[in-house]
Amino acid sequence: MELADEQEITQEEIAELFQADDNRQIGRVLRGETNFGISELERFAKILKVHPKVFLDFNWE
């Protein structure tokens, strides 16, 4: 995920902050292989210190 790379936050650090039992799930989310719900969206936004709308900014074509 570009935001994590820009802030130099590792997958392991995100998993720890997210309090995830398995950081493989975090890795799948960061690689775009799986989706996450609204509650997770808020948690990712807080961890990466961005507004949740950053994750929703995409083209509808």
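Look up: the structure comes first, before these words.
Model, not experiment: these values are computed from the prediction. (Residues numbered from 1 in each chain as written. Predicted model: local features only at pLDDT ≥ 70, side-chain atom pairs only at ≥ 80, totals over all residues. Heavy atoms only, no water.)

Visitor: Any chance you could explain the overall build of the chain here in plain terms?
Guide: Counting its secondary structure elements, the chain contains four helices and zero strands. Secondary structure elements of the chain, listed N to C terminal, follow the sequence α-α-α-α. The C-alpha extent of the chain, read off along each of the three principal axes, is 35 × 20 × 20 Å. Scored against the burial criterion, the 61 residues of the chain give a buried share of 28%. (Helix = DSSP H or I, 4+ residues; strand = E, 2+ residues; numbered from the N terminus. Buried < 20%, exposed > 50% of the residue type's maximum accessible area, 1.4 Å probe, protein only.)

Visitor: Help me out: how do you make sense of unusual backbone geometry in this one?
Guide: Note: most peptide bonds trans; most residues except glycine with negative phi. Positive phi values are uncommon outside glycine, yet Lys49 reaches one of about 55°. Note on placement: Lys49 falls in the segment after helix H4 (38-48). Since its relative accessible area comes to 72%, Lys49 is described here as exposed.

Visitor: I tried to follow the packing of helix H2 (residues 11-18) against H4 on my own but got confused; where do I start?
Guide: The packing of two helices is summarised by the inter-axis angle and the distance between the axes. Running from N to C, H2 and H4 cross one another at 120°; their axes reach a closest spacing of 10 Å. Taken together, the axes of H2 and H4 are oblique relative to one another. As H2 runs across H4, the sense of the crossing is right-handed. The segment H2 lies against H4, with Ile14, Leu17 and Phe18 engaging Glu40, Arg43, Phe44, Ile47 and Leu48. (Axes fitted to C-alpha atoms, helices over the stretch in contact; angles between N-to-C directions. Parallel < 35°, antiparallel > 145°, perpendicular 65-115°, else oblique. Left-handed = near helix turned anticlockwise from the far one by under 90°. Contact = heavy atoms within 4.5 Å.)

Visitor: Just to check I follow, could you spell out the packing of H2 against helix H3 (residues 23-30) for this structure?
Guide: For the pair H2 and H3, the least separation of the axes is 9 Å and the interaxial angle reads 115°. Between H2 and H3, the angle falls in the class roughly perpendicular. Judged by the twist between their axes, the crossing of H2 over H3 is right-handed. Residues Gln11, Glu12, Ile14, Ala15 and Phe18 of H2 lie in contact with H3, whose contacting residues are Asn23, Arg24, Ile26, Gly27 and Leu30. Here the residues of the contact of H2 with H3 are counted per class, giving five nonpolar, three polar and two charged. (Nonpolar A, V, L, I, M, F, W, Y, C, P; charged D, E, K, R; others polar.)

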